[in-house]
Amino acid sequence: MAQLTPGARLKLGILISGRGSNMQALIEAWREERISADIRLVLSNKAEAAGLGLAAAAGIATAVVPYRDYPDRAAFDAAVDAKLRAAGVDFLCLAGFMRLLTPGFIEAWRDRMINIHPSLLPAFPGLDTHRRALEAGVRLAGCTVHFVRFETDTGPIVAQAAVPVLPDDDEASLAARVLAAEHRIYPLALRLIAEGRVRVIGEKALVDAPAWAAGALVNPAD
Ligand code: GRF
């Protein structure tokens, strides 16, 4: 696998399984030249993923690797890896990719693969995050961009956004508020990485950001 060259444009692969709205946020940032990167390939494990059409409309190469075509997870991951390498990809963004990756794949892409998760990790990893946040009665929800490690939804954190949970929220309204924040922080995190401002040291990402938010988001407001 090619190593990342400091200062070189990232050659991105984006893995999706569905709607692709985070992928679309990355595409828009790339189109507006907010990210120093080339998007080489959008790959889905599902042929019906709506995001494939969005990527194609943006002139980006797409590929489908259906899980059922392979005998096991290792063979599936090897096929995904081969497609990515053939496209020259050197950095991966998971954007609603709904398959668990094997340790071998995760190791091969260590510190060159990020994910977005709709909670303030390490709270609420896994599925049904918004339902669980509502059940727990938290006052702040949010989203996290992190490098990918073996355990689901763990890894060095690059960026987070917090949003309030409002008294009459249901899963849909909370998800929509969090999703709007996702669309802000995924391009931001990728830009910081593309600019060489993020270093992974052990299990933490050190971020040399131009600005840091100060103060607290208090909910209910004081
Ligand atoms: C997002 O909420 C993302 O955080 C999670 O899956 C959802 C994907 O949505 N990992 P989209 O396909 O990006 O619209």
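Enquirer: Is there a simple way to think about the overall build of the protein in this case?
Expert: The secondary structure content of the protein amounts to 6 helices and 9 strands. Here the C-alpha atoms of the protein give a radius of gyration of 17 Å, agreeing with the 17 Å that 2.2 N^0.38 yields for 222 residues. Split into buried and exposed, the 222 residues of the protein put 45% on the buried side. Taking the intrachain contacts of the protein between residues at least 6 apart in sequence as the baseline, contacts between residues at least 24 apart amount to 64%. Counting every atom, the protein has about 11,100 Å² of accessible surface; 54% of that belongs to carbon and sulfur. If you average the places of the 24 positive and of the 25 negative side-chain charges in the protein, the two averages end up 4 Å apart.

Enquirer: Would you explain the environment of Val80 in this entry?
Expert: Looking at where Val80 falls in the secondary structure, it is placed in helix α3 (residues 73-86). The exposure class of Val80 is buried, given its relative accessible area of 0%. Distance in space between the C-alpha atoms of Val80 and Ala63 is 9.3 Å, their sequence separation being 17 residues. Contacts of Val80, omitting those with residues within four sequence positions, involve Leu15, Leu43, Val65 and Phe105.

Enquirer: Sorry if this is basic, but what is going on with the layout of surface pockets here?
Expert: Leftover empty space is mapped by rolling, across the atoms, a probe with the size of a water molecule. The calculated volume of the largest pocket comes to roughly 950 Å³. In this structure, the largest pocket is lined by 39 residues; those nearest its centre are Gly96, Phe97, Met98, Ile116 and Pro118. Residue assignment for the lining of the largest pocket shows that the elements contributing at least two residues are α1 (21-31), β5 (113-117), α5 (129-136) and α6 (171-194). The greatest single-element share of the lining of the largest pocket, amounting to 5 residues, is contributed by α6. Grouping the amino acids of the lining of the largest pocket by side-chain chemistry returns 16 nonpolar, 14 polar and 9 charged.

Enquirer: In this structure, what is going on with the pairing of β5? I would like to understand it.
Expert: On a regular strand, one side chain projects to one face of the sheet and the next to the other, so that they alternate. β5 sits mainly inside the fold: 5 of its 5 residues count as buried. Along β5, one buried face is formed by Met113, Asn115 and His117 and the opposite face, lined by Ile114 and Ile116, is buried too. Here 3 bridges tie strand β4 (residues 91-94) to β5, and the two strands are oriented parallel to one another. Counted as the bridge partner of Leu94 is Asn115 from β5. Of the crossover connections in this fold, the one passing from β4 over helix α4 (residues 103-108) to the parallel β5 is right-handed.

Enquirer: Could you clarify how one ought to interpret the side chain of His146 in this entry?
Expert: Along the polypeptide, His146 turns up in strand β6 (residues 140-147). Take His146: its relative accessible area is 1%, and that puts it in the buried class. Of the polar contacts made by the side chain of His146, one reaches the backbone oxygen of Thr154; its length is 3.1 Å.

Enquirer: Would you mind going over the packing of aromatic side chains with me for this structure?
Expert: Each aromatic ring pair is specified by the distance between its two centres and by the angle formed by the two planes. Within this structure, the stated rule accounts for 3 aromatic pairs. Both rings, one in Tyr67 and one in Phe76, keep their centres 5.2 Å apart while their planes meet at 75°; by these two values the pair is edge-to-face. Overall, the relative accessible area of 0% leaves Phe76 in the buried class. The interplanar angle of 70° and the centroid separation of 6.2 Å between the aromatic rings of Tyr70 and Phe76 together place this pair among those described as edge-to-face. Linked through ring pairs, Tyr67, Tyr70 and Phe76 together constitute an aromatic cluster. The residue whose ring lies beneath Arg99 is Tyr67, and the NZ or CZ to ring-centre distance is 3.4 Å. Above the face of the Phe76 ring, Arg99 is positioned so that its terminal group lies 6.0 Å from the ring centre.

Conventions we followed
The numbers attached to residues start from 1 for each chain and follow its sequence in the written order. With the structure being a predicted model, the display of local features is reserved for residues of pLDDT at least 70 and the display and counting of side-chain atom pairs for 80 or more, all residues being used for whole-chain, interface and lining totals. As a rule here, side-chain values cover all heavy atoms of the structure and leave hydrogens and water aside. Strands are runs of DSSP state E lasting at least two residues, helices are runs of H or I lasting at least four, and both sets are numbered from the N terminus onward. In this treatment the radius of gyration is a C-alpha quantity, and the globule benchmark scales as 2.2 Å times the residue count to the 0.38 power. Exposure categories follow from relative accessible area, calculated using a 1.4 Å probe and restricted to protein chains: below 20% of the type maximum is buried, above 50% is exposed, and the middle band is partly exposed. By definition, residues are in contact when any of their heavy atoms lie within 4.5 Å. To be clear on the numbers: accessible area is Shrake-Rupley with a 1.4 Å probe, and residue cover counts the displayed protein chains and nothing else. Charged residues are defined here as Lys and Arg on the positive side and Asp and Glu on the negative side; His and the ends of the chain fall outside this count. A charge is said to be at NZ when it belongs to Lys, at CZ for Arg, at CG for Asp and at CD for Glu. In this analysis a 1.4 Å probe is tested at points of a 1 Å grid over the protein atoms alone, and where it fits but cannot get out there is a cavity; an open set with protein on both sides within 12 Å along at least five of seven lines is a pocket; lining residues have an atom within 4 Å of a point. Grid points are joined across faces, edges and corners, and a volume is the space filled by probe spheres set on the points. By the convention adopted, Pro, Cys, Tyr, Trp, Phe, Met, Ile, Leu, Val and Ala count as nonpolar, Lys, Arg, Asp and Glu as charged, and the other residues, Gly among them, as polar. Should DSSP find at least two bridges between two strands, the strands are regarded as paired. The definition of a right-handed crossover adopted here requires that, viewed with the strands pointing away, the path from the first strand over the helix to the second runs clockwise. Polar contacts, as used here, are pairs of N or O atoms within 3.5 Å; protein pairs need one atom able to donate a hydrogen and one able to accept it. Residues neighboring in sequence count only if both atoms are side-chain atoms. Planes of paired rings set the category: under 30 degrees apart is stacked, over 60 is edge-to-face and the rest tilted, where pairs are Phe, Tyr or Trp rings (Trp by its six-membered ring) whose centres lie within 6.5 Å. Only when the NZ of Lys or the CZ of Arg is both within 6 Å of the ring centre and within 35 degrees of the ring normal is a charge said to sit over the ring.

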